[in-house]
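Observations on the three-dimensional arrangement
Letter by letter, the chains look like this.
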Amino acid sequence: MIDEAHNHFSPDVVTAIQTAIQQNDGQEVAFCGFINEEGKVTSIEVVGYGNDMATPYNLHRSLQGDVFIHNHPPFDQNPKENLKPSTNDLSVAQRVQNLGMGFFIIDNECTLVNIILPVHPQQKLSVEKIKAIFQPDGLLSRHIRSFESREEQIQLVEAIIETINSKSLLFAEAGTGTGKSLAYLIPASLWAITNSKKVAIATHTIHLQDQIASKDIPLVVEIIKAITGETLEVALLTGRGNYLCRNKLKDLLGDKDRALSLFDDPDKSKITLLEDLEKWSHTTETGSRRDFPREIPQEIWEEIASDGETCQGKQCPFGGNCFYQKAYLKAEKAQIIIANHSLILSSLDPQTYISYLPRFDAIVFDEAHHLEDVALKSQSVELSLRGLLQKMGRLYHTDRKNHPKGLLPHLFKKHQPPRYEDQMEFAKLKENLLETHTSIVDSIHAIIHDGIPLYKKLHHTGPQLRITDEVERSDFFHFLSVRLEEVGKLISRYSYLWNELKNLMTNTSSEPTLPPALASIDRRIKSLSDVSQVYNILFNQERKPTEVGWIEVSTHPRYPNIKLCHSPLEVGEFLSRGIFLRKHFSLCVSATLSVNGEFTYFRESIGLSPSFPRKIHTISLPSPFDYRNQAQIHLLESDRDFRVDEFFLTCIKDYILMNEGGTLVLFTSHQRLKDTFEKLKETLSSEGILPMAQGETNKHTILTTMRKNPKTAVFATSSFWEGIDVSGYNLRCVIIEKLPFDSPSDALPAAKGELLTSRGINAFMAYYLPRALLRMKQGVGRLIRSKSDRGIVLILDGRTVSKRYASLFQKSLPPARIIIGDYPKLQREAEAFITTNFSSWLENLGEQQDTSGQENPGLPQVETRSPIDHSRTKPPLSPDTPPPRAVPDDASLHR
């Protein structure tokens, strides 16, 4: 259908199209267009420049839009004849039609348009009909036995529908227990079904990803089926390297010596693991590494993981049963894709913003407070010298008996050219390759050994040495520059020799086990090019104020290391052009996004300037929990420093003992965690408490123990501040030893602060403080996870009371009773709270426990007694400690 272009394009777009065609001398140009709610093209992006007969274009890039557009230069006096589609046009139209796109052909002046495939404006969602699903007598109440309608959830649903219908963005903060997942899954799924579109759901943690896929999605599928009569198609997608390649596994099982060559201590258990993996490959639906019931050593997984470089495509004998291809094709057909932040962002090319993932039209970022950090990491690079040694060692090394080990010795032993002339060349190349290998390894060891003393001369404290003008003038930096350049040259020679050897072996052998062995080594040697990439960025390129480089030095006696890192400081253009400007709608959802109800920090952290052209909605909703009656937050009034002294240890010990365990102690420093744990573990153990420390025990074991044993005391940092969920009696106290500000020695936050200061912005108020506030909210949020939870949060950092920003911290806390005072006052309040909330629970414990002797999750398997034993909770040794007093009345509990 040929029509006047102004009916389908906005004036600004017409002008932009004319300009692009003129700049290409009137020849063909391809565009992808984005439509508004009326179906008009309101923005475009050039995806290819051609000649007067054809246009090359990037299909992936084109698929980011709603309609594919290109011009036909005039060849006939009849304008309509010029707009007839060619055979190639119809072929492209067929491809984009399968993905729900339109296809337009225009003349050079963009006055006429031939609509080959019309593009349809979205069908809007009904606010009232969807809200009704969440009402007390709504559809959810018929599918969830204990369903409870929540006003906060309904408000969130309303904001989400408004955002979807207006093709805009939403920043939504909703407290724990709001029901965020269903609040976005149901409207997003209805929109996808109704409009034949696809929505990506991206989480930060695997835990939430699994929860959505296993718990929420089956319910959502039922709801959508009941409303529309259609079956919602959902796909779970992870990075390609997480999928098993059955062909590589077959090759490795056919060459068991190669598998054993990866280990210094080869034994039959390694082969047994491969055989178990082969059996599992016939029963697993996903082929995902984390679905295998046992741990798979990284050395083995690298040999059998799916990857693009060694993929044989249609020639693969498992082509019809490839786990990665099945997952990808399922995602192509699905209306909902569940992925993680890292996969979504790392799939974007930072130059073209093209994603290699299946096209999706809208996105929901859950746990969105991580978005900036993940975006930065997706564009950062690093080079660990110890990691480089490990890569080299898997190729070739000698064991304690000086026997050669690794993939190269195995290859040389098993594959020899048959002709004498080739054998001579083979021997020479092999000798040169191994000599170069040894030179690389020796050079790396020398850099670490000789570099650490030069680093120590800088008298730097902290784990990261930021690269500044002063550091660049240092002997340490100059030493690294010279020596790493030498390593880079050696690696280039190493790669050249390997390619010569590989070509020789390929041309002289038809052994079936040779190609996979060569591919395995080839992939590893190509990865050594990371050295040149990082070297050029840190040593050859001029430093920019919007980027930061740093060096991490470990002086561990057994595992010394030097690691070089580089990262951008801002992600605004990357996120806006790669995601927010391309998608129909974007939802950013989290329990912690705002600071005092304002989203300024989050908006600036992801780089959306005030001039960002799309509307941004915001909503901040409280948790439905009754924090006033479920929890108390104790703020210590103190001007003490942060030494692990007697006072500090006594505070932590007393709260653990008063609560009979069930305590999570959160630190901001691994060293203070270690010191505190070492000084308290014996005392706690003697009182029947099970102390556990992050670093000494893995996270999974700690969480499993916490959920089974109510008498644990866990000392943790970093990953335990968020993402862990232990509800019920087994977690009834959270202790925070220090406000979670960024360390001044961390390179990236320090550089970001300087960048903001250079722009006249108060870095502390605009950056450091909001980050600490949001982390604090996450840490405090570990305590109350359900309506039946009870507990106390103790914060030992006096800055929450004394500093000028103390009121901001207090306002950021949940609406529990905040009690401020010296330690004796806080201790008395803790005793009163525990007696009120837990004594009846403990007294009736014998009746509540299963008489069969089986564990009853959430109930303590301990001797029943009063929760307070004053003989074990003496006041801290402080000269200012007043004598014990009676518990004051309610009026005196607040300041």
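Scoring rules and cut-offs
- Residues numbered from 1 in each chain as written.
- Predicted model: local features only at pLDDT ≥ 70, side-chain atom pairs only at ≥ 80, totals over all residues.
- Heavy atoms only, no water.
- Helix = DSSP H or I, 4+ residues; strand = E, 2+ residues; numbered from the N terminus.
- Rg over C-alpha atoms; globule rule 2.2 N^0.38 Å.
- Buried < 20%, exposed > 50% of the residue type's maximum accessible area, 1.4 Å probe, protein only.
- Contact = heavy atoms within 4.5 Å.
- Areas by Shrake-Rupley, 256 points an atom, 1.4 Å probe, with all protein chains shown as cover.
- Lys, Arg positive; Asp, Glu negative; His and termini not counted.
- Charge placed at Lys NZ, Arg CZ, Asp CG, Glu CD.
- Pairing = 2+ DSSP bridges.
- Axes fitted to C-alpha atoms, helices over the stretch in contact; angles between N-to-C directions.
- Parallel < 35°, antiparallel > 145°, perpendicular 65-115°, else oblique.
- Left-handed = near helix turned anticlockwise from the far one by under 90°.
- Nonpolar A, V, L, I, M, F, W, Y, C, P; charged D, E, K, R; others polar.
- Expected span 1.5 Å × (residues − 1).
- pLDDT = per-residue confidence, 0-100.
- 1 Å grid on protein atoms, 1.4 Å probe; cavity = no way out; pocket = protein on both sides within 12 Å on 5 of 7 lines; lining within 4 Å.
- Points joined across faces, edges and corners; volume = space filled by probe spheres on them.

The helix and strand inventory of the chain stands at 35 helices and 26 strands. The globule rule puts the C-alpha radius of gyration for 895 residues at 29 Å, and the 31 Å found for the chain is close to it. If one aligns the C-alpha atoms of the chain with their principal axes, the spans along those axes are about 100 × 75 × 60 Å. Counting only residues that meet the buried cut, the chain has 54% of its 895 residues in that class. Looking at the chain alone, contacts between residues at least 24 apart form 76% of all its contacts between residues at least 6 apart. Accessible surface, the chain: about 40400 Å² in total, of which carbon and sulfur atoms supply 49%. Side-chain charges in the chain split into 102 positive and 111 negative, and the spacing between the mean points of these groups amounts to 2 Å.

Before going further, it helps to examine the sheet that holds strand E17 (residues 561-568). The antiparallel open sheet is built from four strands, whose spatial order is E12-E17-E16-E15. The open sheet has two edge strands, strand E12 (381-384) and strand E15 (464-466), and neither has a second partner. Neighbour to neighbour, the strand axes of the sheet diverge by 20° on average, direction disregarded. Pairing between E15 and strand E16 (residues 547-554): three bridges, direction antiparallel.

Take the sheet that holds strand E3 (residues 41-49) next. Strands sit in the order E1-E6-E5-E4-E2-E3 across an open sheet of six strands; the sheet is mixed. Every interior strand has two partners, whereas the edge strands, strand E1 (2-4) and E3, have only one. Taken over all neighbouring pairs, the strand axes of this sheet differ in orientation by 30° on average, direction set aside. Here four bridges tie strand E5 (residues 102-106) to strand E6 (residues 112-117), and the two strands are oriented antiparallel to one another. Pairing of Ile105 across the sheet is with Asn114, part of E6. Packing of helix H1 (residues 11-23) onto the sheet brings it into contact with strand E2 (29-35), E3, strand E4 (67-71) and E5, and relative to E3 it is tilted by some 15°. Across the sheet, helix H4 (residues 87-97) lies against E4, E5 and E6, angled at about 150° from E5, the strand it touches most.

Right, let's talk about the packing of helix H17 (residues 385-395) against helix H19 (residues 420-456) for a bit. Contact geometry of H17 with H19 gives a least axis separation of 10 Å together with a crossing angle of 155°. One way to sum up the angle between H17 and H19 is to call them roughly antiparallel. The element H17 and its partner H19 pack so that their crossing is left-handed. Contacts between H17 and H19 involve Leu385, Leu388, Leu389, Met392 and Leu395 from the former and His437, Ile440, Val441, Ile444, His445, Ile447 and Ile448 from the latter. Residue composition of the contact of H17 with H19, by class: 10 nonpolar, two polar and no charged.

This part is about the side chain of Asn114. Here Asn114 shows up in strand E6. We classify Asn114 as buried; its relative accessible area is 7%.

Within the element layout of this structure, Val793 appears in strand E25 (residues 791-795). Residue class for Val793 comes out buried when judged on its relative accessible area of 2%. Spatially, the C-alpha atom of Val793 lies 49 Å from that of His478, the residues being 315 residues apart in sequence. Ignoring anything within four residues of it in the chain, the contact list for Val793 reads Gln632, Ile633, His634, Val734, Val780 and Leu783.

Here helix H30 (residues 747-758) spans 16 Å end to end across 12 residues, near enough to the 16 Å set by a 1.5 Å rise per residue. Those residues of H30 not exposed but buried are Ala747, Leu748, Pro749, Ala751, Lys752, Gly753, Leu755 and Leu756. Next to the buried residues of H30 lie helix H16 (371-378), E15, E16, E17 and helix H31 (763-780). Two residues or fewer past H30, Gly760 is found with a positive phi of approximately 80°.

Per-residue pLDDT for the chain has a mean of 87; in total, 91% of the residues score no lower than 70. Mean pLDDT values over the elements of the chain span from 42, in helix H35 (residues 845-848), up to 97, in strand E8 (residues 199-203). For the stretch residues 844-872, pLDDT sits under 50, and the model shows 51 contacts to residues farther than four places along the chain or on other chains. Segment residues 877-895 is flagged for pLDDT under 50; beyond a separation of four residues in sequence, or across chains, it makes 29 contacts in the model.

This model, assessed by the stated rule, comprises five cavities of 30 Å³ or more. In this structure, the largest cavity spans a volume of roughly 100 Å³. Along its surface, the largest cavity is lined by Ile467, Ile537, Leu538, Gln541, Glu542, Arg543, Lys544, Glu547, Val548, Gly549 and His566. Those elements that provide at least two residues to the lining of the largest cavity are helix H23 (530-540) and E16. Among the elements that take part in the lining of the largest cavity, E16 stands out by supplying three residues, more than any other. Among the residues making up the lining of the largest cavity, the classes are represented as four nonpolar, three polar and four charged.

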